[in-house]
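Here is how the chains run, residue by residue.
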Amino acid sequence: MDPESPNPRTHGRSQSMVAVLMLAYQSFGVVYGDLCVSPLYVFRSTFSGDLRSHMTEGEISGVLSLIFWTLTLVPVIKYAIIILNADDNGEGGTFALYSLLCRHAKLSLILNRQNADSELLTHNLEQPPETPRGQTICRLLEKHVFLRNGLIIVVLLGSCMVIGNGILTPSIAVLSATSGISVAAPQLPQSVAVLVSCGILVLLFGLQHLGTHRISFMFAPIVLMWLFCNCAVGIYNLVTYNPLIIHALSPYYIYHFFKVSGRDGWISLGGVLLCITGSEAMYADLGHFSKRSIKTAFTCIVYPCLVLGYMGQAAYLSKNLADVDHGFFHSIPGPVFWPVFIVAMLVSIVGSQGAVTATFSIIKQCQSLGFVPWVKVVHTSRTIHGQIYIPEINWIMFVISLSITVGFQSPVEIGNAYGISVICVMLATTLLMTFVIYVVWQHSIFTAGIFFLVFTLVEAVYLSSALFKVKQGGWVALVLAGVIMSIMYVWHYGTIKNYEFDLQNKVSMKWLLTLGPGLGIVRVPGIGLIYTELLTGVPAIFSHFVTNLPAFHQILVFVCIKSAPVPFVPPDERYLVGRVGCRDYRMYRYVVRSGYKDTYTNDESEFESQLIYNLAEFIRTESAAPWAQSRGEMPQDSRMTVMGALGSTRSVAETAWSTDMPANAADSLEILITMVGCSPQTASPRRKGMCTSTCPSPATTT
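Residues numbered from 1 in each chain as written. Predicted model: local features only at pLDDT ≥ 70, side-chain atom pairs only at ≥ 80, totals over all residues. Heavy atoms only, no water.

K.L.:
Explanation requested: the overall build of the chain in the structure shown.
P.N.:
Assigned secondary structure in the chain consists of 25 helices and 8 strands. Taking the intrachain contacts of the chain between residues at least 6 apart in sequence as the baseline, contacts between residues at least 24 apart amount to 82%. Entry remark: accessible area of the chain is about 28500 Å², with carbon and sulfur atoms responsible for 64%. (Helix = DSSP H or I, 4+ residues; strand = E, 2+ residues; numbered from the N terminus. Contact = heavy atoms within 4.5 Å. Areas by Shrake-Rupley, 256 points an atom, 1.4 Å probe, with all protein chains shown as cover.)

Structure below.
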């Protein structure tokens, strides 16, 4: 049951509210770490340019007004009110929006879509009826390859910028937190803060292999403590220094700010932009929590605490203009400086951890969809779904993040790069969300156009300001995105060409028919696995085996691992089994379907046991099926049958074999070999009967 769904047998509403509040509490440590650490560097980055030369109390009020309305327009209205409703079976993020579009149009450049995919439980969502306007856009996207390519580039751009955020967040967050050392001990050189930052980065990336679950129980209290400290210090400064700063919440101060500052005010928007860094996490991490819990945590705690914190910091700076470089730490009352400083250090680590974890997740999703090369994925928790660690990516991120920290030694230049990454992710989300509003939600073109124009205009203004600072560190974000996108696009292009080659060079079934059931070679007892991307027909590599090998296994299985346009594939719908050719050939197809957020263990024997079990079950079911072809018929592929995982709740063929289910893989293989007429003495799930040299491990290919 959904934790938010009321239970009529208990105190339904109160129990549902308790579940929502519990999820909201847990979300503080995962979702909001990056967003909450922004007060450390927003004012410093905003007044880092020429605006500082004529900084007055009026400019402080104008910047506060910009921060307030930016926080209101983007995190509150765009994400909390609108985009959080565009979930894909409870999942969020750039790939969730793309997946929703793929289920309404054939957007994938690899044409491996099956009719069975539309029958998945996670594929069938209640949607408004199709309208001519939605179908028109779908046909337009399906007809023109360059439009589909453009949409993929948008998705890749958003993904690359998220990865860039994972590299930049630890640098800017830790450097901003350690800058408090310069306030407490001005006599110490800046290199001390940089050295401490490097030590924290080494600790952060060095402990990633332990897994988030071992330390995440401390994340939520740290973020809550930081929010309350930020709020309390803000209220103190607001009352002590300038209570009238509250008038700056009026939009009039934005108009006055640009009227007075002009071009310098526009350039400073790149610093204001940093107040919404981390907003995308509310949608990207939706699958770990729920819409109501994320909205509750943000609107009731995070948003008001951030607003009060920024107001207090602006009140202090309006009377202490010279302290803008370390405005937050200067504004902390003396008796509580060190406790707040320690909490700031901890929350910077929490924000960095969330960004690193998000990078691992996005790399895994890109790998599932064929956008990045295969890398080793380590599951750090046996009970918590989705907690992974990727060693190669972790150490590459560490080297780059450490180099950026040592190279720039200031959060201002890193913030310029960070702003470009953040706003590009938001622009990609805005574009994809516009298509979802029109194609998936079936709203009018006017509604979709209003959403697109309002948020694109706001984000384009911020992007123009951020791009102006390319020479002052912004180039880092562009270089990172360019390199990562090039790798993704080239790999995806190669994947497409490889699939097209296999599709165009399939082995003719007439050629197989001339070989006879023995395929012209000796068939020895056992099972041979051949990996292929094809969902129909026989791959060209099979002809190479037939012509060059003196013998082959009695049972031949073509294994295909494909990605479905859903976040998760239920265990009882994960496998498709079918026969290739007539029964005498003993050739079968085994398709493993996975969603873009599915994760698997590294247990190869588990996969082999599952394959043997499903294959034996399929053969037994097929023998009694009315649609089974006779031995003389030679179809290309028989009907694919849905099979469930061992221990799943449902399997299509389960009813045909319910009384004498095999106890283990060895029993399944023995029954399977008996069915096809092989010698039962070879019945061993590994080494005696399995051939896995031509089939990669599912743990590394799903």
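K.L.:
Would you mind showing me how to read unusual backbone geometry here?
P.N.:
Excluding glycine, residues mostly carry a negative phi; peptide bonds, for their part, are mostly trans. One non-glycine residue, glutamine 409, lies in the positive phi region at around 60°. Summarising the element assignment, glutamine 409 is placed in the loop between helix 18 (391-408) and helix 19 (411-440). The phi torsion at glutamine 442 lies on the positive side, around 65°, for a residue other than glycine. Counting through the fold element by element, glutamine 442 comes out in the loop between helix 19 and helix 20 (445-467). On the basis of relative accessibility, which here comes to 7%, the residue glutamine 442 falls in the buried class. (Buried < 20%, exposed > 50% of the residue type's maximum accessible area, 1.4 Å probe, protein only.)

K.L.:
Any chance you could explain the packing of aromatic side chains here in plain terms?
P.N.:
Aromatic ring pairs are defined here through the distance separating the ring centres and the angle between the ring planes. Counting across every chain of the model gives 26 aromatic pairs. With centroids separated by 6.2 Å and ring planes inclined at 45°, the aromatic side chains of tyrosine 252 and tyrosine 255 adopt a geometry described as tilted. Of this pair, tyrosine 252 and tyrosine 255 both sit in helix 11 (residues 252-261), 3 residues apart, roughly one helical turn. Residue tyrosine 252 is classed as partly exposed on the basis of its relative accessible area of 48%. (Phe/Tyr/Trp six-rings, centres within 6.5 Å; stacked < 30°, edge-to-face > 60°.)

K.L.:
Is there a simple way to explain the packing of helix 7 (residues 145-178) against helix 9 (residues 190-206) in this structure?
P.N.:
For the pair helix 7 and helix 9, the least separation of the axes is 9 Å and the interaxial angle reads 135°. The orientation of helix 7 with respect to helix 9, classified from their angle, is oblique. Judged by the twist between their axes, the crossing of helix 7 over helix 9 is right-handed. For the pair helix 7 and helix 9, contact is made by Pro170, Ser171, Val174, Leu175 and Thr178 and by Ala193, Val194, Val196, Ser197, Ile200, Leu201, Leu204 and Phe205, respectively. For the contact of helix 7 with helix 9, the per-class residue count stands at 10 nonpolar, 3 polar and no charged. (Axes fitted to C-alpha atoms, helices over the stretch in contact; angles between N-to-C directions. Parallel < 35°, antiparallel > 145°, perpendicular 65-115°, else oblique. Left-handed = near helix turned anticlockwise from the far one by under 90°. Nonpolar A, V, L, I, M, F, W, Y, C, P; charged D, E, K, R; others polar.)

K.L.:
I'm lost on helix 19 in this one. Help?
P.N.:
Here helix 19 is 30 residues long and its end C-alpha atoms lie 41 Å apart, about the 44 Å a rise of 1.5 Å per residue gives. Counting buried positions over the 30 residues of helix 19 gives 26, a clear majority of the element. (Expected span 1.5 Å × (residues − 1).)

K.L.:
Even after reading the chapter, I still don't get the side chain of glutamate 459, so can you show me in this structure?
P.N.:
Here glutamate 459 shows up in helix 20. Once you skip the residues sitting within four places of it in the chain, glutamate 459 turns out to touch Lys78, Ile423, Met426, Leu427 and Thr430.

K.L.:
How should I be thinking about a nonpolar patch on the surface in this particular structure?
P.N.:
A surface patch of nonpolar side chains, amounting to about 400 Å² of accessible area, comprises Ile445, Phe446, Ile450 and Val454. Positionally, valine 454 belongs in helix 20. (Patch = residues over 30% accessible without salt bridge, like charges linked within 9 Å, V, L, I, M, F, W, Y side chains within 5 Å. Salt bridge = Lys/Arg side-chain N within 4 Å of Asp/Glu carboxyl O.)

K.L.:
What should I look at first to understand the side chain of threonine 359 in this one?
P.N.:
Turning to its location among the elements, threonine 359 is positioned in helix 17 (residues 337-368). One polar contact links the side chain of threonine 359 to the main-chain carbonyl oxygen of alanine 355, over a distance of 2.9 Å. (Polar contact = N/O pair within 3.5 Å; in protein donor to acceptor, adjacent residues only side chain to side chain.)

K.L.:
Explain the packing of helix 7 against helix 21 (residues 470-504) to me, please; I cannot follow it from the model alone.
P.N.:
When two helices pack together, their arrangement is captured by the angle between the axes and the distance separating the axes. Between helix 7 and helix 21, the least distance of the axes is 9 Å, while the angle of their chain directions is 130°. Accordingly, the angle class assigned to the pair helix 7 and helix 21 is oblique. In the crossing of helix 7 with helix 21, the sense of the turn from one axis to the other is right-handed. Contact residues: Asn149, Ile152, Ile153, Leu156, Leu157, Ser159, Cys160, Met161, Ile163, Ile167 and Leu168 in helix 7; Val476, Ala477, Leu480, Ala481, Ile484, Met485, Met488, Tyr489 and His492 in helix 21. Of the residues belonging to the contact of helix 7 with helix 21, the class tally is 17 nonpolar, 3 polar and no charged.

K.L.:
Mind showing me how you'd approach the environment of valine 642 here?
P.N.:
Tracing the chain through its elements places valine 642 in strand 7 (residues 641-643). Valine 642 gets classed as buried once you look at its relative accessible area, which sits at 18%. Taking the C-alpha atoms as reference points, valine 642 and aspartate 572, separated by 70 residues in sequence, lie 8.0 Å from one another.

K.L.:
Would you take a moment to explain the pattern of salt bridges for this structure?
P.N.:
As a working rule, side chains carrying opposite charge can pair if their charged atoms are close by. According to the stated counting rule, one finds 5 salt bridges in the structure shown. Where lysine 497 meets glutamate 500, a salt bridge forms, and the shortest distance between an N and an O atom there is 3.5 Å. Here the residue lysine 497 and the residue glutamate 500 both occupy positions in helix 21, the gap between them amounting to 3 residues, near one helical turn. Judged by its relative accessible area of 40%, lysine 497 falls in the partly exposed class.

K.L.:
It is not clear to me how the environment of leucine 35 should be interpreted in this structure. Could you clarify?
P.N.:
Here leucine 35 lies in helix 2 (residues 33-36). Of the residues examined, leucine 35 reaches a relative accessible area of 0% and is grouped as buried. The residues touching leucine 35, leaving out its near neighbours within four places in the chain, are Cys275, Ile276, Thr277, Gly278, Ser279, Phe298, Val302 and Leu306.

K.L.:
Quick question: what am I supposed to make of the state of the cysteines here?
P.N.:
Each disulfide is one covalent bond, formed between the sulfur atoms of two cysteines. Following the criterion strictly, the structure yields 0 disulfides and no others. No disulfide involves cysteine 36; its sulfur sits 8.2 Å from the nearest other cysteine sulfur, which is in cysteine 305. (Disulfide = S-S within 2.5 Å.)

K.L.:
Explanation requested: the pairing of strand 3 (residues 522-531) in the structure shown.
P.N.:
Note on strand geometry: in a regular strand, side chains alternate between the two faces of the sheet. Burial analysis of strand 3 places 7 of its 10 residues in the buried class, which makes it a mostly covered element. Where strand 3 lies against strand 4 (residues 551-563), 8 bridges are found, and the strand directions are parallel. Within strand 4, the position partnered with valine 522 by the bridge is alanine 551. (Pairing = 2+ DSSP bridges.)

K.L.:
Looking at this structure, how should I read the pairing of strand 6 (residues 587-594)?
P.N.:
The element strand 6 is largely enclosed, with a buried count of 8 among its 8 residues. Alternating residues of strand 6 divide into Met587, Arg589, Val591 and Arg593 and Tyr588, Tyr590, Val592 and Ser594, and every residue in both groups is buried. One ladder, built from 8 bridges, connects strand 4 with strand 6; its direction is parallel. Bridging across to strand 6, isoleucine 561 finds its partner in valine 592. Examined bridge by bridge, strand 5 (residues 575-580) and strand 6 share 6 bridges and lie antiparallel to one another. If you follow arginine 579 over to strand 6, its bridge partner there is tyrosine 588.

K.L.:
I tried to follow the confidence of the model for the chain on my own but got confused; where do I start?
P.N.:
Caution applies to low-pLDDT parts of the model: their predicted coordinates are not meant to be read in detail. Residues with a pLDDT of 70 or more make up 79% of the chain, whose mean pLDDT is 79. The least confident element of the chain is strand 8 (residues 690-694), whose mean pLDDT is 39; the most confident is helix 4 (residues 57-82), at 94. Counting contacts from residues 630-635, a segment whose pLDDT is below 50, to residues more than four positions away or on other chains yields 14 contacts. Low pLDDT (under 50) marks residues 647-665, which in the prediction has 34 contacts with non-local residues, meaning those over four places away or in another chain. (pLDDT = per-residue confidence, 0-100.)

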